[in-house]
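Here is how the chains run, residue by residue.
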Amino acid sequence: MAHGETVPMPEAQPRRNGGVASVLRSQMRNIAPFLTLIFLTAFFAIASPSFATLDNVGNILTQVSVTGIIAVGLTFVILCAEIDLSIAAIANVTGIAVAYFTLQDSYVNIANVPMPGFVAILLALALCALLGAVNAFGLTVIGIPSFIMTLAMMQIAAGISAMLVRGQIAYKVPPLITTLGSGSIAGVPWIVIVAALMLLLGHLVLTYTRFGRYVYMVGGNREAAEYSGLNVKLILGSVMVISAVCSGIGGMLGVAHFGSAQQNEFDTYLLDSIAAVVVGGTSLFGGRGGIGNTIVGLFVLGVLNNGLDHVNIDSFLKILIRGLILLAALVINVYAQRLRAKAAD
């Protein structure tokens, strides 16, 4: 593939076949999430006057920021037709690690190792990168499927978290992390800015760099990528490390945002991050989608969760509704893949 050549967009194939219906079917995976977002926004705006306010828009952006940061790396993984089930556990252990290396107040009963702020941050980032490298090694060198490898890593990271805090809660993190996680500038939370910048960076990498094109090639047709001389294992290993580092950054900022570092703090972010990527329309089969889809998925989940709070839906019903929306996204994802396969035949 020549330098500067763009990755074929999903709509290119059906246009040769002609017909608006064919185009709409092929783009269903992209159109459905956007229509869902419009419907949910309109519904909650009518159902609750407090929903459609500028302040609430800020609330939604803040609420999806940590998920957005983690989902950036996961998008790379899913575009390669792999999965990372360790993202939440790595976010948790990285957040705990940065607190572990920060001087805590005397009432915090944790035998930690205080370091200067920048050292604590670097050590925490090194930890999440190392865990991502272990995932990469298991996937590419040993040949363990990503589902199983990251499932094991989820337990390993949870075990490290437990060993570091031993059931206690830490509160202090380096000043830079505190500012980025809980501070604001001109009324805009820093965590929203960081999430936006990471989403933008992920989009630029996937859209305008050779590495991004290789990610789409590996996800779209792994055998063809290998025959073309591409180092597929290197790409797969790289996306696993990227996923872990994004999770670690999200974990550190999340700890500052929530005000504490403790075990199991980020457990819900596994489903949230996967849902954001898949609900947005990125294909589970790889090679289709991107950060733009993830952003739409983030807003669908953000509007849904926030809107349900505004209309006072039972919390248990809220979980059910989220599950049904994720199921619908999976059905659309699989159906879109079948349509592409049928068109190819």
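Our structure's up above, just so we're on the same page.
Read on for a plain summary of the structure. (Residues numbered from 1 in each chain as written. Predicted model: local features only at pLDDT ≥ 70, side-chain atom pairs only at ≥ 80, totals over all residues. Heavy atoms only, no water.)

### A few points about the overall build of the chain
In terms of regular secondary structure, the chain is built from 16 helices and two strands. For the chain, the proportion of its 345 residues judged to be buried stands at 47%. At a minimum sequence separation of 6, the contacts of the chain that also span at least 24 residues come to 76%. Summing over all exposed atoms, the chain offers an accessible surface of approximately 16200 Å²; the carbon and sulfur share of this is 68%. (Helix = DSSP H or I, 4+ residues; strand = E, 2+ residues; numbered from the N terminus. Buried < 20%, exposed > 50% of the residue type's maximum accessible area, 1.4 Å probe, protein only. Contact = heavy atoms within 4.5 Å. Areas by Shrake-Rupley, 256 points an atom, 1.4 Å probe, with all protein chains shown as cover.)

### Comments concerning empty space enclosed by the protein
This structure, assessed with the given rule, holds two cavities of 30 Å³ or more. Here the largest cavity is characterised by a volume of approximately 40 Å³. Looking at the largest cavity, the residues that line it are Ile96, Ala99, Tyr100, Gln104, Ile110, Asn112, Leu164, Val165, Ala170 and Ala261. Going through the elements one at a time, helix H6 (87-100) and helix H8 (146-165) are the ones with two or more residues in the lining of the largest cavity. With three residues, H6 is the largest single contributor of residues to the lining of the largest cavity. (1 Å grid on protein atoms, 1.4 Å probe; cavity = no way out; pocket = protein on both sides within 12 Å on 5 of 7 lines; lining within 4 Å. Points joined across faces, edges and corners; volume = space filled by probe spheres on them.)

### Looking at the packing of aromatic side chains
Using the criterion set out here, one finds nine aromatic pairs in the structure. Ring geometry for Phe266 and Tyr269: centres 5.5 Å apart, planes at 50°, overall tilted. (Phe/Tyr/Trp six-rings, centres within 6.5 Å; stacked < 30°, edge-to-face > 60°.)

### Details of the packing of helix H9 (residues 175-182) against helix H10 (residues 190-208)
Relative to each other, H9 and H10 sit at 90°, their axes nearing to 5 Å. Classified by the angle between their axes, H9 and H10 sit roughly perpendicular to one another. Across the interface between the two elements, Thr179, Leu180 and Gly181 of H9 pack against Trp190, Ile191 and Val194 of H10. Here the contact of H9 with H10 is composed, by residue class, of four nonpolar, two polar and no charged. (Axes fitted to C-alpha atoms, helices over the stretch in contact; angles between N-to-C directions. Parallel < 35°, antiparallel > 145°, perpendicular 65-115°, else oblique. Nonpolar A, V, L, I, M, F, W, Y, C, P; charged D, E, K, R; others polar.)

### Considering the pattern of salt bridges
Should their charged atoms come close, side chains of opposite charge can pair. For the structure on display, the rule yields two salt bridges. The shortest N-O distance in the salt bridge between Glu82 and Arg222 comes to 3.0 Å. With Glu82 in the loop between helix H5 (65-79) and H6 and Arg222 in helix H12 (residues 222-227), this pair connects stretches of sequence that are 140 residues apart. In this structure, the salt-bridge partner of Asp309 is Lys318, at a minimum N-O distance of 3.2 Å. Asp309 gets classed as partly exposed once you look at its relative accessible area, which sits at 47%. (Salt bridge = Lys/Arg side-chain N within 4 Å of Asp/Glu carboxyl O.)

### Quick look at the side chain of Glu265
One can find Glu265 in the loop between helix H13 (232-258) and helix H14 (269-279). Despite being buried, Glu265 has no salt bridge partner; Lys172 is the closest side chain of opposite charge, sitting 15 Å away. In this structure the side chain of Glu265 is engaged in a polar contact, spanning 3.5 Å, whose partner is the backbone nitrogen of Gln262. Ignoring anything within four residues of it in the chain, the contact list for Glu265 reads Asn92, Val255, Phe258 and Ser260. (Lys, Arg positive; Asp, Glu negative; His and termini not counted. Polar contact = N/O pair within 3.5 Å; in protein donor to acceptor, adjacent residues only side chain to side chain.)

### Side note on the side chain of Thr102
Tracing the backbone shows Thr102 in the loop between H6 and helix H7 (117-142). Assessed through its relative accessible area of 10%, Thr102 is described here as buried. A polar side-chain atom of Thr102 sits 2.6 Å from the main-chain carbonyl oxygen of Val98. Discounting chain neighbours no more than four positions away, the residues touching Thr102 are Asn112, Pro114, Ala120, Lys172, Val173 and Pro174.

### Here we look at the packing of H6 against H7
Axis separation between H6 and H7 bottoms out at 8 Å; the angle between their running directions is 155°. By the angle class used here, H6 and H7 are roughly antiparallel. Both H6 and H7 take part in a crossing whose hand is right-handed. Here H6 contributes Ile90, Val93, Thr94, Ala97 and Val98 to the contact with H7, which in turn contributes Ala120, Ile121, Ala124, Leu127, Cys128, Leu131 and Asn135. For the contact of H6 with H7, the residue count by class is ten nonpolar, two polar and no charged. (Left-handed = near helix turned anticlockwise from the far one by under 90°.)

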